[in-house]
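Analysis of the macromolecular model
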Amino acid sequence: MALPDPQPVLFLMEAFRRSQAMFTAVDLRVFDHLQHAPLGAAQLATLLKANPDAVERLCSTCVALDLLTLDNGLYANTPAAQTYLVRDSEHCLIGYIEYSQKALWHLWSKLPEAVLEGTHRWEQVYGSQSGLFDHYYKTEEDKRRFLMGMHAYGLISSPQVAKAFDLSAFTHLCDLGGATGHLAIAACQSDPKLKATVFDLEQVLPLSKEIIAKAGLSDRIGTAGGNFFEGALPPADLYSLGRILHDWTPEKITKLLRKIHAALPPGGAVLIAEKILDESGTKPLWALLQTLNMLVVTEGKERRFSEYQALLQETGFKDIRYAVLPNSPLDAILAWKNT
Ligand SMILES: C[S@@+](CC[C@H](N)C(=O)[O-])C[C@H]1O[C@@H](n2cnc3c(N)ncnc32)[C@H](O)[C@@H]1O
């Protein structure tokens, strides 16, 4: 009897090697060294103070991974590496790569225990018992790495989320847990009359202000510090929640959505940016890997549209629509206080 194709198993057996090859080339700054001109393995090895044969193996692997090209013995960045893997690039994804390598990699190594117990792995891996975001923000370096990682992803998704629905009726957006402000920035860039507030934990705001100023939008986007589960929310006719609901339990989500509903004026709405699982719960793969990620790092999970709809209806929202955004790490949901 012919054996089934072993490819799915063989591919997954070594898939982690691909990630680690890219993580290592980023960590050693291979792509940064190649950003202005191609170099040979020996020259790169001298710059990296590394073993020439090992550098050649790493770089040739990056060629096979479509991150480098090799021509006449010289390695060069592909357009994707030049855009996303060079530290000076405005679209640099290195924050998230470093967060993946330095935090997620270790937490994912405990996925079996997470599945057995159904809980995140911060205590098991890092030994401390604190609030979820205290883990991310333990040091200034950890905080910046996490937030800039989120930011780089946000630069891909937010321009699409901001245009997923007609938001022209709204005058003031408040992005709850808005972090670096990328969604508020994208929304204000697409609607010149919109004003916004980025609301987040106090310790996040210096970075929010820095990024908003860099975008030249400090006159239209303010910041406010606080805990969105406690106290009043800044006034707005549109609240947004980008990658917030997937962090929390249904009890915390309904508490937050009720607060938002109560704070909205008539005609107000909430905009949610999350990757939505399809109704079968088995697609897309990106959302499924993210729901496992949520298992090892948070109290939450990814959800189907019908699950978001139920949470929104339970908390009083009406006319709930969603848009699946092609090539975006996030989709969008809009729900109104009243129709
Ligand atoms: C997963 S990040 C998403 C950030 C941003 N919305 C984005 O999409 O890039 C969650 C954000 O919520 C903020 N946050 C967590 N708990 C919060 C709370 N209780 N009150 C206000 N902000 C909070 C975090 O500081 C962080 O910026």
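Refer to the structure presented above.
The text that follows walks through the structure, step by step, so that each part is easy to find. (Residues numbered from 1 in each chain as written. Predicted model: local features only at pLDDT ≥ 70, side-chain atom pairs only at ≥ 80, totals over all residues. Heavy atoms only, no water.)

**Describing the overall build of the protein chain**
Quick reminder of the rule: Strands here mean DSSP runs of E at least two residues long; helices mean DSSP runs of H or I at least four residues long; both are numbered from the N terminus. For every residue, the accessible area obtained with a 1.4 Å probe (protein chains only) is divided by the maximum for its type, and the residue is called buried under 20%, exposed over 50%, and partly exposed between those limits. We call two residues contacting when some pair of their heavy atoms lies within 4.5 Å. Positive charges come from Lys and Arg, negative ones from Asp and Glu, while His and the chain ends are left out of the count. Lysine's charge is taken at NZ, arginine's at CZ, aspartate's at CG and glutamate's at CD.
When helices and strands are tallied, the protein chain shows 16 helices and 9 strands. Seen through its C-alpha atoms, the protein chain measures out along the principal axes to roughly 65 × 60 × 40 Å. For the protein chain, the residues scored as buried account for 49% of the 339 residues in total. Long-range pairs, those at least 24 residues apart, make up 66% of the contacts in the protein chain between residues at least 6 apart in sequence. Charged side chains of the protein chain number 32 positive and 38 negative; the gap between the two group centres comes to 3 Å.

**What about the site of the ligand?**
Threshold: For each residue, the test is whether any non-hydrogen atom lies within 4 Å of the molecule or strand; if one does, the residue is near. Pairs of N or O atoms are called polar contacts if they sit within 3.5 Å, as long as, within protein, a hydrogen donor faces a hydrogen acceptor (for residues adjacent in sequence, only side-chain-to-side-chain pairs). Residue burial considers only the protein chains on display, and all accessible areas are found by Shrake-Rupley using a 1.4 Å probe.
Near the ligand, the surroundings consist of 19 residues, among which Y137, G177, H182, D200 and G242 are the closest. N227 has a polar side-chain atom sitting 2.8 Å from a nitrogen atom of the ligand. At a separation of 2.8 Å, a nitrogen atom of the ligand approaches a polar backbone atom of F228. Notes on the ligand: free accessible area 590 Å², of which the protein chains cover 96%.

**Some thoughts on the nonpolar core**
Rules: By nonpolar core is meant a set of buried Ala, Val, Leu, Ile, Met, Phe, Trp, Tyr and Cys residues that side-chain atoms within 4.5 Å join together.
L241 and I260 are the most contacted members of the largest nonpolar core, which has 81 residues in total. The contact partners of L241, leaving out residues within four places of it in the chain, are D175, L176, L256, L257, I260, V270, L271, I272 and A273. The next biggest cluster of nonpolar side chains, apart from the first, holds 25 residues, and it includes F23, V30, A81 and L85.

**Examining the side chain of N293**
Within the secondary structure layout, N293 lies in helix α15 (residues 285-297). Polar side-chain contacts of N293 include one of 2.7 Å to the side chain of W108.

**Let's talk about unusual backbone geometry**
The omega angle of the peptide bond from K283 to P284 is -15 degrees, so this bond is cis rather than trans. Its place among the elements puts P284 in the loop between β7 (269-274) and α15. The phi dihedral of K49 is positive, around 55 degrees, even though this residue is not glycine. With respect to the secondary-structure elements, K49 resides in the loop between α4 (41-48) and α5 (52-64). With a phi angle near 45 degrees, D319 is a residue other than glycine that sits in the positive phi range.

**Regarding the side chain of S208**
Inspection of the secondary structure assignment puts S208 in helix α13 (residues 205-214). On the basis of relative accessibility, which here comes to 0%, the residue S208 falls in the buried class. Excluding anything up to four places from it in sequence, S208 contacts A179, T180, V198 and T223.

**Concerning the pattern of salt bridges**
Short version of the rule: The term salt bridge refers to a side-chain nitrogen of Lys or Arg lying within 4 Å of a carboxyl oxygen of Asp or Glu.
Across all of its chains, the model carries 20 salt bridges by this definition. Here E230 and K255 are joined by a salt bridge, their closest N and O atoms 3.7 Å apart. On the criterion of sequence distance, the pair formed by E230 in the loop between β5 (221-225) and β6 (238-242) and K255 in helix α14 (residues 250-263) is long-range, its members being 25 residues apart. Residue class for E230 comes out partly exposed when judged on its relative accessible area of 47%. K255 gets classed as partly exposed once you look at its relative accessible area, which sits at 40%. In this structure, D319 and R321 form a salt bridge, with 2.7 Å as the shortest nitrogen-oxygen distance. Relative accessible area serves as the criterion here: at 38%, R321 is assigned to the partly exposed category. Where salt bridges share partners, they join D32, R87 and E98 into one cluster.

**Topic: the packing of helix α7 (residues 94-108) against helix α11 (residues 140-162)**
Axis angle and axis distance: for two packed helices, these are the angle between their axes and the distance between the axes, and together they describe the pair. The line we're drawing: Orientation is described by lines fitted to C-alpha atoms, with helices fitted over the stretch in contact, and by angles between N-to-C directions that extend from 0 to 180 degrees. Just so you know how the angles are binned, under 35 degrees is roughly parallel, over 145 roughly antiparallel, 65 to 115 roughly perpendicular, and the rest oblique. Take the far helix as your reference; a near helix turned counterclockwise from it by less than a right angle gives a left-handed crossing, and one turned clockwise gives a right-handed crossing.
Look at α7 against α11: their axes get within 6 Å of each other, and the N-to-C directions meet at 130 degrees. It follows from the interaxial angle that α7 and α11 lie oblique. For the pair α7 and α11, the crossing hand works out as left-handed. Two secondary-structure elements touch here, α7 through G95, Y96, E98, Y99 and K102 and α11 through R145, F146, M148, G149, M150 and Y153.

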